[in-house]
Amino acid sequence: MGQIEIVLEYQSHESRLIITLVQAKDLRPVEETIGAMDTYVKLFLLPDDEPRVQSKVFRKSLNPVYNERFVLEVPQRELEHRALQLGVYFYDKYSRHEAIGEAEMKLGDVDLIPGPFSTWLNLVDVNDKPQDLGDVMFSLSYLPTAERLTVVVVKARNLKWLEDKKAADPFVKVYLLQNGKKVSKKKTVVKRDDKCPIYNEAMIFSVPSSVLQTITIRVTVTEHTPGGKNHSIGHVLVGPHSTGSSLTHWNQMMTSLRKPVAMWHTLRKY
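These numbers were taken from a predicted model, which means no experiment stands behind them.

1. Focus on the pattern of salt bridges
Between side chains of opposite charge, a pair can form as their charged atoms come close. In the structure shown here, the tally under the stated rule is eleven salt bridges. One salt bridge connects R82 with E78, and the closest N-O pair in it is separated by 3.2 Å. Among the residues examined, E78 registers a relative accessible area of 26% and is labelled partly exposed. Measuring nitrogen to oxygen at the nearest pair gives 3.1 Å for the salt bridge that ties R192 to D169. Placement of the pair is R192 in the loop between β12 (181–187) and β13 (198–206) and D169 in the loop between β10 (148–157) and β11 (170–178), with a sequence separation of 23 residues. Owing to a relative accessible area of 56%, R192 belongs among the exposed residues under this scheme. Here D169 falls in the buried class, since its relative accessible area comes to 17%.

Structural data, given as structure tokens:
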């Protein structure tokens, strides 16, 4: 579906949310077009139904560069309950405009102050939204002198139990992958019957700087089954070859060496 890049900044003294719509890339052409197409972006501030702003039309490109800046009035107390949704549309003056894809980000999940916060978001088909499996928050930090990568599993929220069970006991597994192969695994304690468990557990991996570009971190939230096979609720992949917010998290770790960088991630099955 492609990706879209935005920069967010919040001016608390004026209650202003500043959104810079930077660009999109690798957009998928709609059926009636061959190659390049005309596109624009609508920005919604959920739960509001109507778009707050709309970009100009960018002509004949699957990698449009918008570089538009929008200012929205949003009281700081509302940020935690708001989500930014971006819809990319195919423009055709002779027919109904068609949605190419959309991306969504909860404003309460990112540090807007002091800001600015820059990220890539993955676009998804409006008719094929991912399952609502829950979210997991973890921090990443890399210490170059010790060649040590630390993953702190902070917490999860709104976990969806498999087979619609009423109760389950979640824990988190953290895998270190190198060139796609598992080289190390660590796990948290099991939390009993908690859809929003808090862990605050650190996992430390030895990672030479020479192999950092071959590394992927896989964080999997799992249901514990006594005496049986544990079942995965969903997972997140973060590394230098990830996309969207996962790549943003990795890049922020690499530009803030020695400092933990925490982000929420939506769980996915595949």
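More follows now that the structure is in view.
2. Re the side chain of S242
Mapped onto the elements, S242 comes out in the loop between β15 (231–238) and α1 (244–255). A polar atom in the side chain of S242 sits 3.4 Å from the backbone oxygen of L237. Within the structure, the side chain of S242 is placed 2.8 Å from the backbone nitrogen of G239, a separation counted as a polar contact. Those residues in contact with S242 that sit more than four places away from it in its chain are L237 and L247.

3. With respect to the nonpolar core
Counting 34 residues, the largest nonpolar core has I4 and L86 as the members making the most contacts within it. At the level of secondary structure, the elements contributing two or more residues to this core comprise β1 (3–11), β2 (16–25), β3 (39–46), β5 (65–73), β6 (83–90), β7 (98–106) and β8 (117–122). Apart from residues lying up to four places away in sequence, L86 is in contact with I4, I6, L21, V41, K42, L43, G101, E102, A103 and L121. Ranked by size, the runner-up nonpolar core spans 31 residues in total, among them L149, L212, V236 and V238.

What counts, and where the lines are drawn
Residues numbered from 1 in each chain as written. Predicted model: local features only at pLDDT ≥ 70, side-chain atom pairs only at ≥ 80, totals over all residues. Heavy atoms only, no water. Salt bridge = Lys/Arg side-chain N within 4 Å of Asp/Glu carboxyl O. Buried < 20%, exposed > 50% of the residue type's maximum accessible area, 1.4 Å probe, protein only. Helix = DSSP H or I, 4+ residues; strand = E, 2+ residues; numbered from the N terminus. Polar contact = N/O pair within 3.5 Å; in protein donor to acceptor, adjacent residues only side chain to side chain. Contact = heavy atoms within 4.5 Å. Core = buried A, V, L, I, M, F, W, Y, C linked by side-chain atoms within 4.5 Å.

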